[in-house]
Amino acid sequence: MNYKRLGRTGLEVSALGFGCGMIGGLLVRGEYPTMRRTVARAIELGVTYFDTAPLYGDGQSEVNLGAVLRELRADVLVGTKVRLAPEQMLHIEAAIVESVEASLRRLGREHIDLIQLHNPLTAQARPEAALLTAKDLEAALRAFQSLERQGKVRFWGITGLGETEPLHQAVKAGGFYTIQTPYNLLNPTAGMLAPPDFPFQDYRQIIDRAAEGGMGAIAIRIMAGGALSGTADRHPTAARSVTPIASAPEYAADVTRARRLAFLVEDGTVGSLAEAAIRFAIGTPGISTALIGLSSPEQLEQAVEFTNRGPLAADVLTRIHDVQMRPE
């Protein structure tokens, strides 16, 4: 396993991170012995960063991750999140403190290594939709700084969801240590220039802008919710349905678009689309860690194997780019 610096936090994180969310579902809906075995194996294979959130299973992911890590006595880095509800938008600082303290109880930990805002960002205030503005981020920063002084959090970041311009403004302001951003073979615009007719949201190379400001970038949705497996089939533990982020409106359309990359498998460049997706994400400069959501121990073994094969070759990336940037 390779390790990278998480921006100016100074932390070293594994190139592949363990996503504990709803889509893969292992830490939400899995059997506890399988959770324990998979997390233990991940640590054995060199995974050091585990990412969860109160939103995942109404806190169940945090509870399960905390229980497993305590049982294993594991020395790993844990990130979780704060998702503000519409009724909390008038008292953001208090709501963040309450959320963090609840997460600490569920995780059974004294501190959280990385706490992240889970609300999308917007230019115009929309408190009824729980969308955050630049002013809201100021209140959030005050809360995080207070929690840091109390020893309850170490570093803080944002999940890079919402409108592109406010996300860039948040990065430029420099108050956060990390940003999570959707980044995959269907929508790579967080890390590369897109043509004017690109069909999905253009993140305008926000990974590069984050790196310029010393922010660590965490790639999410690297499998496009599973669409980059090239099949609509779902593992029994995985979420039954997926709402795409920054790609097609419907998951089935993402699967169809993913199949345009089947030539990589057909010509033997990779063994599967999943391999291509993982190696594409972990090989991108500026990305500190790429999160993979898991449904089974077998998926972990595959993901680590693909990661250890290293980035895709430059000529392969050129061929992929020609397909990625075509509207249809």
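Residues numbered from 1 in each chain as written. Predicted model: local features only at pLDDT ≥ 70, side-chain atom pairs only at ≥ 80, totals over all residues. Heavy atoms only, no water.

Caption draft 1: Highlighting the side chain of Thr284. Mapped onto the elements of the fold, Thr284 is located in the loop between α10 (273–282) and β10 (287–293). There is a polar contact of 3.0 Å between the side chain of Thr284 and the backbone oxygen of Phe280. Excluding residues within four positions of it along the chain, Thr284 makes contact with Lys4 and Tyr183. (Helix = DSSP H or I, 4+ residues; strand = E, 2+ residues; numbered from the N terminus. Polar contact = N/O pair within 3.5 Å; in protein donor to acceptor, adjacent residues only side chain to side chain. Contact = heavy atoms within 4.5 Å.)

Caption draft 2: Inspection of the packing of aromatic side chains at higher detail. Overall, the coordinates contain six aromatic pairs when judged by the stated rule. Here Phe18 and Phe50 contribute two aromatic rings whose centre-to-centre distance is 5.0 Å and whose plane-to-plane angle is 25°, an arrangement assigned as stacked. Taken together, the residues span a long stretch of sequence, with Phe18 in strand β3 (residues 16–19) and Phe50 in strand β4 (residues 49–51) at a distance of 32 residues. Their ring planes at 75° and their centres at 4.9 Å tell us that Phe155 and Tyr177 sit as a pair that is edge-to-face. Note that Phe155 is positioned in strand β7 (residues 153–159) and Tyr177 in the loop between α6 (164–173) and β8 (178–182), a separation of 22 residues in sequence. We classify Tyr177 as buried; its relative accessible area is 18%. We note Arg8 situated over the ring of Tyr177; from NZ or CZ to the ring centre the distance is 4.7 Å. (Phe/Tyr/Trp six-rings, centres within 6.5 Å; stacked < 30°, edge-to-face > 60°. Buried < 20%, exposed > 50% of the residue type's maximum accessible area, 1.4 Å probe, protein only. Lys NZ or Arg CZ within 6 Å of the ring centre and 35° of its normal.)

Caption draft 3: Representation of the packing of helix α3 (residues 60–72) against helix α4 (residues 92–107) in the model. Between α3 and α4, the shortest axis-to-axis distance is 7 Å and the interhelical angle comes to 45°. For the element pair α3 / α4, the angle class is oblique. Contacts between α3 and α4 involve Glu62, Val63, Leu65, Gly66 and Arg70 on the former and, on the latter, Ser103, Arg106 and Leu107. Classifying every residue of the contact of α3 with α4 gives three nonpolar, two polar and three charged. (Axes fitted to C-alpha atoms, helices over the stretch in contact; angles between N-to-C directions. Parallel < 35°, antiparallel > 145°, perpendicular 65-115°, else oblique. Nonpolar A, V, L, I, M, F, W, Y, C, P; charged D, E, K, R; others polar.)

Caption draft 4: Structural view of the pairing of strand β9 (residues 216–220). Across the five residues that make up β9, a large majority, five, are buried. Relative to β9, β8 is paired through five bridges, and the arrangement is parallel. Bridged to Thr178 within β9 is Gly216. In the classification by handedness, the crossover that spans β8, the intervening helix α7 (residues 206–212) and the parallel β9 is right-handed. Across three bridges, β9 lies against β10 in parallel orientation. Across the sheet, the residue bridging to Ala217 is Ile287, located in β10. (Pairing = 2+ DSSP bridges. Right-handed = clockwise from strand over helix to strand, strands pointing away.)

Caption draft 5: Broad picture of α10. For α10, the buried fraction is high: ten of the ten residues fall into the buried class. Listed as buried for α10 are Leu273, Ala274, Glu275, Ala276, Ala277, Ile278, Arg279, Phe280, Ala281 and Ile282.

Caption draft 6: The side chain of Asp113, seen in detail. Mapped onto the elements of the fold, Asp113 is located in strand β6 (residues 112–117). Side-chain polar atoms of Asp113 contact the side chain of Arg154, separated by 2.8 Å. If near-sequence neighbours (up to four positions away) are discounted, Asp113 is found in contact with Val76, Leu77, Val78, Arg154 and Phe155.

Caption draft 7: Molecular detail of the environment of Ala314. Structurally, the position occupied by Ala314 is in helix α12 (residues 314–324). Separated by 50 residues in the primary sequence, Ala314 and Leu264 have C-alpha atoms spaced 14 Å apart.

Caption draft 8: Expanded view of the environment of Gly25. Here Gly25 lies in the loop between β3 and α1 (26–29). In sequence terms Gly25 and Val323 are 298 residues apart; their C-alpha atoms lie 31 Å from each other.

Caption draft 9: Structural detail: the sheet that holds β9. Strand order in the closed barrel made by the eight strands is β3-β4-β5-β6-β7-β8-β9-β10, with parallel pairing throughout. Within this sheet the neighbouring strands show an average axis-to-axis angle of 30°, counted without direction. Bridge count between strand β5 (residues 77–82) and β6: four bridges; the pairing is parallel. Directly across from Val82, in β6, lies its bridge partner Leu117.

Caption draft 10: Looking closely at helix α5 (residues 134–149). If you check α5, its first and last C-alpha atoms are 23 Å apart, about what 16 residues at 1.5 Å a residue would give, namely 22 Å. Every buried residue of α5 is accounted for by Asp136, Leu137, Ala139, Ala140, Leu141, Ala143, Phe144 and Leu147. In this structure, the buried residues of α5 make contact with α4, β6, β7 and α6. Downstream of α5 by a residue or two, Gly151 has a phi angle that is positive, lying close to 80°. (Expected span 1.5 Å × (residues − 1).)

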